Amino acid sequence: MMMRSLVIICFIFSGILNAQSDWVRNHLESNFYKTQFVGFYLQDAETGKELENYNGEKLFTPASNIKILSLYSAMKTLKDSIPALRYERKDGNLFIQGLGDPTFLHPEFKSVTRVMDFLKKEPGKIFLRWGKYEGTRMGLGWSWEDYEKYYSAERSELPLYGNMATIKKGKGKPSAFPATLADSVEYEESLFSRDFYDNKFKVGSRNGASTKVPFVVKDELIRQMLADAVGKEVELTDKDLSKNAKTLFSLPSDLVYKRMMEVSDNFLAEQILLMVSAQVTSSLSSEKAIQHITSKYLKGMPQEAVWVDGSGLSRYNLFSPKDMVFVLDKLYKEFPTQRLYNIFAIGGRTGTLKGNYGGSTPYIYAKSGTLSNNYCLSGYLITKSGKTLIFSVMNNHFQKENWQVRQETQKLLEHVRDNY
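Here the structure is a predicted model, which is why all the values come from computation and not from measurement.

1. Focus on the nonpolar core
Part 1 of the argument: With 53 residues, the main nonpolar core has Leu69, Leu71, Leu298, Trp307, Leu331, Phe344 and Tyr380 as its most contacted residues.
Part 2 of the argument: Breaking this core down by element, the ones donating at least two residues are α2 (67–77), α5 (253–263), α6 (266–280), α7 (286–296), α8 (321–334), α9 (337–343), β15 (374–382) and β16 (388–396).
Part 3 of the argument: One finds Ile96, Phe104, Ala227 and Ala229 within the second-largest nonpolar core, a separate group that totals 35 residues.

If you want it as structure tokens, here you go:
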């Protein structure tokens, strides 16, 4: 009798699961998705059991979902504070080398003055070791015309001010911040706010009262900019620091990770990969960081993914929904859950998810990814029954409005929340 009851219960439970899977498939095969590519993978966080798989093994352009890999790379490699500089003192002077720290003089971290205080109190000259960065000015596969956009700041070994200039209109000559660039801006009507190769900024009718534009990173500019900031002489050197050099740390790492994930900060993501590289190699190279992380920590990824940058701006990146869940599963198993939830954007509450996936109780902790014609969302979902699920939804090549795709994604995830 007991065995018969158990069989009946299992049959009913199986029927419920099949009904849910049918709903998911019917949703993803509705007319809304007819002219685009969509993939969905859902897994139980505790058991690792696959719950849903719709094109889960197919490769998609992940956009900023790539930042999930940048986060994992940093959490596996960096300590609890951001490494800012290597330094040593010789003959009364200070020799420093940048380690990719994106927070120095960054407007979003302006209250952090540890590096500035350290440099200012040194009595002698500062010698800056320059030339450890390996790579192109911008990432492979980035749209070239985005070079002047605020979200495409150049990567470098010693970022200053987020590698960004602020250009303001005025009654007379336009102004620039940092002031080192004051003589590099003028009024001129142009399709672009800066020359492609040079720090020649142009302000015209297409610009607002204040415009943020990435500056071209050049050794002499960084030398002068650093000298102006600390108020002392700075010289460039190509000589490596000794093995006895110490490391200066700036601020808690999770503060940087949190901003990167919540507002999808591309610059922070790119610099995070360079910081990882600086810790595991003798140079700052996104490519070397990716090679190190994939070979050491990401063996067994379901598909042969293509990973080329830290931010997801590149359209060369290719990952499947199952790949994303694979990395999210590693994060979940290897780090405290509450720490992760504090770093990821929260549905209906913070960052890029503030306008969607809300409710009386937060149920989505995830990273969105948006490029033209692409929208992806991957992260953790808490069901009404109390289960924690790991999911990835990937939408590529749609011609609808982005908000419409987000709305359909929300319908899908609300169904999962209420029925699993």
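Now that the structure is up, let's keep going.
2. Thoughts on the pattern of salt bridges
Part 1 of the argument: Applying the stated criterion across every chain yields a total of 27 salt bridges.
Part 2 of the argument: The salt bridge partner of Glu148 is Arg206, with a shortest N-O separation of 3.4 Å. One end of the pair, Glu148, is in the loop between β5 (126–129) and β6 (164–168); the other, Arg206, is in the loop between β9 (201–203) and β10 (210–214), and 58 residues separate them in sequence.
Part 3 of the argument: For Lys333, the salt bridge identified is with Asp329, shortest N-O distance 3.1 Å. Of this pair, Lys333 and Asp329 both sit in helix α8, four residues apart, which is roughly one turn of the helix.
Part 4 of the argument: Judged by its relative accessible area of 59%, Lys333 falls in the exposed class.
Part 5 of the argument: Here the salt bridges share partners, and the residues they tie into one network are Lys76, Lys330 and Glu334.

3. With respect to the pairing of strand β2 (residues 50–54)
Part 1 of the argument: The pairing of strand β1 (residues 37–44) with β2 spans four bridges and is classified as antiparallel. Note on β2: the bridge partner recorded for Leu42 is Glu52.
Part 2 of the argument: Connecting the antiparallel pair β1 and β2 is a turn made up of five residues, with Gly48 showing a positive phi of about 75 degrees.

4. Comments concerning the environment of Trp307
Part 1 of the argument: Considering the arrangement of structural elements, one finds Trp307 in the loop between α7 and α8.
Part 2 of the argument: The buried category is assigned to Trp307, whose relative accessible area is 10%.
Part 3 of the argument: Each C-alpha atom of the pair Trp307 and Phe215 lies 26 Å from the other, and the pair is 92 residues apart in sequence.
Part 4 of the argument: Filtering out sequence-adjacent residues up to four positions away, Trp307 remains in contact with Ile66, Leu69, Ser70, Ser73, Leu273, Ile290, Ile293, Thr294, Leu298, Asn317 and Phe319.
Part 5 of the argument: For Trp307, the side chain forms a polar contact with the main-chain oxygen of Asp309, separated by 2.7 Å.

5. Digging into the sheet that holds β2
Part 1 of the argument: With antiparallel pairing, six strands are arranged side by side in an open sheet as β2-β1-β16-β15-β14-β13. The open sheet has two edge strands, β2 and β13 (345–346), and neither has a second partner.
Part 2 of the argument: This element, α8, spans β1, β2, β15 and β16 of the sheet and lies at about 150 degrees to β16.

6. Quick word on unusual backbone geometry
Part 1 of the argument: Of note, the amide linkage connecting Phe177 to Pro178 takes the cis form, showing an omega dihedral of 5 degrees.
Part 2 of the argument: Among the secondary structure elements, Pro178 is positioned in the loop between β7 (175–177) and β8 (185–187).
Part 3 of the argument: For Asn163, which is not glycine, the phi dihedral falls at a positive 55 degrees.
Part 4 of the argument: Tracing the chain through its elements places Asn163 in the loop between β5 and β6.
Part 5 of the argument: For Asn163, a relative accessible area of 0% puts it in the buried group.
Part 6 of the argument: Positive phi, close to 65 degrees, is recorded for His397, a residue that is not glycine.
Part 7 of the argument: Here His397 lies in the loop between β16 and α10 (402–419).
Part 8 of the argument: Judged by relative accessible area, which is 45%, His397 ranks as partly exposed.

7. Describing the sheet that holds β10
Part 1 of the argument: Reading across from one edge, β7-β6-β10 is the order of the three strands in this open sheet, with antiparallel pairing throughout. In this open sheet, the two strands that pair with only one neighbour each are β7 and β10. Adjacent strand axes in the sheet meet at a mean angle of 25 degrees when their direction is disregarded.
Part 2 of the argument: Where β6 and β7 come together, three bridges link them in antiparallel fashion. Looking across to β7, one finds that Lys168 is bridged to Ser175.

Rules and cut-offs
- Residues numbered from 1 in each chain as written.
- Predicted model: local features only at pLDDT ≥ 70, side-chain atom pairs only at ≥ 80, totals over all residues.
- Heavy atoms only, no water.
- Core = buried A, V, L, I, M, F, W, Y, C linked by side-chain atoms within 4.5 Å.
- Buried < 20%, exposed > 50% of the residue type's maximum accessible area, 1.4 Å probe, protein only.
- Helix = DSSP H or I, 4+ residues; strand = E, 2+ residues; numbered from the N terminus.
- Salt bridge = Lys/Arg side-chain N within 4 Å of Asp/Glu carboxyl O.
- Pairing = 2+ DSSP bridges.
- Contact = heavy atoms within 4.5 Å.
- Polar contact = N/O pair within 3.5 Å; in protein donor to acceptor, adjacent residues only side chain to side chain.
- Axes fitted to C-alpha atoms, helices over the stretch in contact; angles between N-to-C directions.

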